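This is what each chain is made of:
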Amino acid sequence: MFNVVIWPRFAKAIVDDDRAWAGEHWHSTPQAFLWVHAVLITTAIVIGLGVLVVGVRAHRSASR
């Protein structure tokens, strides 16, 4: 749950960072800084959602 709540806010901070763009935000070429963090954030969210699904399924099967 933590990953799903925290990482999107961090993503906004990365997009707003001057190091993420070659010039003006959203109107210039994204830099490696942005792409590396995008991959890390996406991976963390996917893993977090996967763990959430496994936990919900385990909880449901334990309840039966």
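Our subject is the structure that appears above.
Owing to the predicted nature of the structure, the values given are computational and were not obtained by experimental measurement. (Residues numbered from 1 in each chain as written. Predicted model: local features only at pLDDT ≥ 70, side-chain atom pairs only at ≥ 80, totals over all residues. Heavy atoms only, no water.)

**Q** Describe the packing of aromatic side chains, and please don't skip the residues or the numbers.
**A** For the structure on display, the rule yields two aromatic pairs. Centre to centre, the rings of Trp7 and Phe10 are 5.3 Å apart; their planes meet at 80°, and the pair counts as edge-to-face. Here Phe10 and Trp7 lie together in helix 1 (residues 2-16), a separation of three residues that amounts to about one turn. What makes Trp7 partly exposed here is its relative accessible area of 23%. Classification of Phe10 by relative accessible area gives partly exposed; the value is 34%. Ring plane angle 45° and centroid distance 5.3 Å describe the contact between Trp21 and Trp26, whose orientation is recorded as tilted. Given a relative accessible area of 8%, Trp21 falls into the buried group. (Phe/Tyr/Trp six-rings, centres within 6.5 Å; stacked < 30°, edge-to-face > 60°. Helix = DSSP H or I, 4+ residues; strand = E, 2+ residues; numbered from the N terminus. Buried < 20%, exposed > 50% of the residue type's maximum accessible area, 1.4 Å probe, protein only.)

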